Amino acid sequence: MAVSIHSDWKNVLHQSFESPYFQNLINFVKQAYQSGRCYPPGKLIFNAFDLCPPKTTKVVVIGQDPYHGPDQAHGLSFSVPSGVKHPPSLVNIFKELEQDLKIPYPVSGDLTPWAKQGVLLLNATLTVQAHQAGSHQGKGWEQFTDEVIQRLSDQYEGIVFLLWGSYAKQKQKLINAEKHSILTAGHPSPLSANRGYWFGNQHFSKANTYLSSIGKKPIDWKL
């Protein structure tokens, strides 16, 4: 099965792409996109991978589902295109960024500049049907993205994994904590953040401190 994705990822994930489950997944996605409105646009399904090759990955942010409203999802977890209203979770991410690093609250919700610096903004499920949250869960995406996390953990060193919320925290079992940094916090959604599980986690500064400590260039989080 030919997949349009950055060539470096093809080398890392070729076994996944050739597996029967992935063939079934791609068939499902093709049919879903042909029969109804789905997000993100087809050409942006692997946007996170195209912007952030494995060799340059320094930080991994794990989301669950793409946004399912119009014009929101563009293949990067938590991100929306410039000019689109910031969803509640992204608002709280930016508030923590502001508090942690004294960075002005960003005008644009487009996190592409992060991705280009080595932040893999990975959703566990890469597609969704319009207005139906979770509609493409359990079709094979989770197995694929688990394999992505596992291979990054196995084949590389010194990556910061930011696990926000109970769903993302389940991915800890895929990551070698002796080779990488794992930072956990509550989900940035209002429900979790307002209960005190999000604000004050200082993940942006902690990620940079770790990267600097192992000789890697820190992320410029300012948008």
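Here is what the cut-offs are and how they apply
Residues numbered from 1 in each chain as written. Predicted model: local features only at pLDDT ≥ 70, side-chain atom pairs only at ≥ 80, totals over all residues. Heavy atoms only, no water. Helix = DSSP H or I, 4+ residues; strand = E, 2+ residues; numbered from the N terminus. Contact = heavy atoms within 4.5 Å. Core = buried A, V, L, I, M, F, W, Y, C linked by side-chain atoms within 4.5 Å. Buried < 20%, exposed > 50% of the residue type's maximum accessible area, 1.4 Å probe, protein only. Arc of directions from axis to C-beta. Pairing = 2+ DSSP bridges. Axes fitted to C-alpha atoms, helices over the stretch in contact; angles between N-to-C directions. Salt bridge = Lys/Arg side-chain N within 4 Å of Asp/Glu carboxyl O. Parallel < 35°, antiparallel > 145°, perpendicular 65-115°, else oblique. Left-handed = near helix turned anticlockwise from the far one by under 90°. Nonpolar A, V, L, I, M, F, W, Y, C, P; charged D, E, K, R; others polar.

**Q** Please clarify how the environment of H131 should be interpreted in this entry.
**A** Among the secondary structure elements, H131 is positioned in the loop between β4 (128–129) and α6 (141–155). Between the C-alpha atom of H131 and that of C38, which follows or precedes it by 93 residues, the distance is 8.9 Å. Excluding its chain neighbours within four sequence positions, the residues that come into contact with H131 are H68 and P70.

**Q** Whenever I open this one, the nonpolar core confuses me. Can you help?
**A** Soluble globular proteins tend to bury their nonpolar side chains together. Within the largest apolar cluster, 67 residues are counted, with the highest numbers of intra-cluster contacts made by F22, F46, F49, F144 and W221. Apart from residues no more than four positions distant in its own chain, F49 is found in contact with I5, H6, W9, L13, L120, L122, L126, F144 and V148.

**Q** What is the right way to read helix α9 (residues 203–213) from this model?
**A** Because each turn of an α-helix spans 3.6 residues, side chains separated by three or four positions end up pointing in the same direction. Within the span of α9, buried status applies to H203, F204, A207, N208 and L211. Take α9 and look down its axis: the buried residues cluster within an arc of 135 degrees, on one side only. Exposed and facing more than 90 degrees away from the buried side of α9 are T209 and S213. Immediately beyond the C-terminal end of α9, within one or two residues, lies G215, with a positive phi of roughly 85 degrees.

**Q** In this structure, what is going on with the sheet that holds strand β2 (residues 59–63)? I would like to understand it.
**A** Paired through backbone hydrogen bonds, the strands of a sheet run either parallel or antiparallel to each other. In spatial order, the strands read β3-β2-β5-β6; together these four strands make up an open sheet with parallel pairing. Every other strand in the sheet has two partners, leaving β3 (119–123) and β6 (181–185) as the edge strands with one partner each. Taking each pair of neighbouring strands and ignoring which way they run, the sheet shows an average axis angle of 20 degrees. Looking at chain direction, β2 and strand β5 (residues 160–164) are connected through three bridges and run parallel. Paired with V59 across the two strands is V160, which belongs to β5.

**Q** Sorry if this is basic, but what is going on with the pattern of salt bridges here?
**A** Pairing of side chains with opposite charge becomes possible as their charged atoms draw close. Overall, the coordinates contain two salt bridges when judged by the stated rule. In this structure, E147 engages R151 in a salt bridge whose closest nitrogen and oxygen atoms are separated by 3.9 Å. Note that E147 and R151 are positioned in helix α6 at a spacing of four residues, about one turn of the helix.

**Q** What exactly am I supposed to notice about the packing of helix α2 (residues 20–35) against α6 here?
**A** The description of two packed helices rests on the angle between their axes and on the distance between the axes. Interhelical geometry of α2 versus α6 gives an angle of 125 degrees and a closest axis separation of 9 Å. Looking at the two axes, α2 sits oblique to α6. The handedness of the crossing between α2 and α6 comes out as left-handed. Facing Y21, F22, L25 and V29 of α2, the residues of α6 in contact are W141, Q143, F144 and E147. Considering only residue class, the contact of α2 with α6 consists of six nonpolar, one polar and one charged.

**Q** Can you help me understand the environment of F28 in this one?
**A** Take F28: it is sitting in helix α2. Judged by relative accessible area, F28 falls into the partly exposed class, the value being 24%. Distance from F28 to H136, taken between C-alpha atoms, is 9.1 Å for residues 108 residues apart in sequence. Ignoring sequence-local partners within four residues, the contact set of F28 consists of H136 and K139.

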